[in-house]
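# Coordinate inspection notes
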Amino acid sequence: MDLSRLSMIFKIVIIGIVYIIIFWALKIMYKDIKVGSRTARRTDRKSFGLEVINPGNNSNLRKGAVIPVRREITVGRKNDNQLILEDPYASGHHARIYIKNGKDCILEDLESTNGTLLNGKKLRGKHYLNSGDEVRIGNTSFKVIG
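Residues numbered from 1 in each chain as written. Predicted model: local features only at pLDDT ≥ 70, side-chain atom pairs only at ≥ 80, totals over all residues. Heavy atoms only, no water.

## Considering the UniProt feature "transmembrane region" (unreviewed entry) in the chain
What counts, and what does not: UniProt positions are given in the numbering used here, feature names are shortened, and annotations may be inferred rather than shown by experiment. Secondary structure is summarised from DSSP: a helix means a run of H or I of at least four residues, a strand means a run of E of at least two, and numbering begins at the N terminus for each.
Mapped onto the present numbering, the UniProt feature "transmembrane region" (unreviewed entry) falls at residues 6–26. Helix makes up 100% of residues 6–26 and strand makes up 0%, while its end C-alpha atoms are separated by 30 Å.

## Remarks on a nonpolar patch on the surface
For clarity, the threshold we go by: What goes into a patch is any residue over 30% in relative accessible area without a salt bridge, connected to like charges within 9 Å or, for nonpolar side chains (Val, Leu, Ile, Met, Phe, Trp, Tyr), within 5 Å. Residue-level accessible areas treat just the shown protein chains as cover; the underlying method is Shrake-Rupley with a 1.4 Å probe. Salt bridges are defined by distance alone: a side-chain nitrogen of Lys or Arg within 4 Å of a carboxyl oxygen of Asp or Glu.
Where nonpolar side chains cluster on the molecular surface, the patch consists of L3, L6, F10, I14, V18, I22, L26 and M29 and spans about 790 Å² of accessible area. Residue position: V18 is located in helix 1 (residues 3–42).

## Quick word on the confidence of the model for the chain
Note the cut-off: What pLDDT reports is the predictor's confidence in each residue, on a scale of 0 through 100.
Residues with a pLDDT of 70 or more make up 93% of the chain, whose mean pLDDT is 90. Strand 7 (residues 117–118) holds the highest mean pLDDT among the elements of the chain, 96, whereas helix 1 holds the lowest, 85.

## Regarding the nonpolar core
What counts is decided by this rule: Here, the term nonpolar core denotes a set of buried Ala, Val, Leu, Ile, Met, Phe, Trp, Tyr and Cys residues that are joined through side-chain atoms within 4.5 Å. Burial here depends on accessible area, computed with a 1.4 Å probe over protein chains only, as a share of the maximum for the residue type. Under 20% is buried, over 50% is exposed, and the range in between is partly exposed. Contacts are assigned to residue pairs that have any heavy atoms within 4.5 Å of one another.
I67, L83, L85, L107, L129 and F142 are the most contacted members of the largest nonpolar core, which has 24 residues in total. Contributing elements (two or more residues each) for this core: strand 1 (48–54), strand 2 (66–69), strand 3 (72–76), strand 5 (95–100), strand 6 (104–109), strand 10 (134–137) and strand 11 (140–145). For L129, the residues in contact, after removing those within four places along its chain, are I97, C105, I106, L107, L118, V135 and V144.

## Focus on the side chain of S112
Secondary-structure assignment places S112 in the loop between strand 6 and strand 7. Exposure remark for S112: the relative accessible area of 11% places this residue in the buried category. Apart from residues lying up to four places away in sequence, S112 is in contact with S91 and H94.

## A closer look at the packing of aromatic side chains
Definition in use: Pairing of aromatic rings covers Phe, Tyr and the six-membered ring of Trp, with a centre-to-centre limit of 6.5 Å; geometry is then stacked below 30 degrees between planes, edge-to-face above 60, and tilted otherwise. Placement of a charge over a ring requires the Lys NZ or Arg CZ to be within 6 Å of the ring centre, with the centre-to-atom vector within 35 degrees of the ring normal.
Scanning the model with the defined rule gives 1 aromatic pair in all. Taking 5.8 Å as the distance between ring centres and 70° as the angle between the ring planes, the aromatic pair formed by F23 and W24 counts as edge-to-face. Relative accessible area serves as the criterion here: at 44%, W24 is assigned to the partly exposed category. When the ring centre of Y98 is taken as reference, the NZ or CZ atom of R96 above it lies at 4.0 Å.

## A short note on the sheet that holds strand 10
So the rule is basically this: For two strands to count as paired, DSSP must find a minimum of two bridges between them.
With antiparallel pairing, the 6 strands of this open sheet are ordered in space as 2-1-11-10-7-8. Edge strands, defined here as strands with exactly one partner in the open sheet, are strand 2 and strand 8 (121–122). With 2 bridges joining them, strand 7 and strand 10 adopt antiparallel strand pairing. The residue bridging L118 from the neighbouring strand is V135, located in strand 10.

Written as C-alpha cells, this is what we have:
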C-alpha cells in the first residue's frame, strides 16, 4: 500500500469521527432543550406566603416571619392544623389556605365562630387572594406575599 492511499483512509476516518462527535453533541443539546422546556413549565407556578403582621397571643409566631404556602395550610386552635393559633377568638378548624392550579391562592373560612377577615371585611366561603391582601383571624393578622 502506498502512502497516499493510507493518507486518504486516515482522512476519511477522521472526517467520520468528526461527524459522529457532531451528531452526539446535537443529540445531547436536543435532550437538554427538551428537558429545559419541561422545567420552564414547572417554574411557571407562583409561590405564596403569609407574612406575620401581628402575632397576637401566639408564642409560636413572631412579627415579620413568613409562612410558606405550598399546597395547603389549615389554621386553627387544634393540634392537627398546620398553623396552630393560641388565640381565644380562633376556632378549632378556622380557615384553610390552598394553592389551585399552581398559580391561584385561595382562602376559605371553615364556618368559624368569629369569622375570618380579608382586608377588613368578613369572609364568607372561598375567596382568591392577591399579593398584599391582609388576612385576620382573631387577634392574629397576616399579609399575603407572592
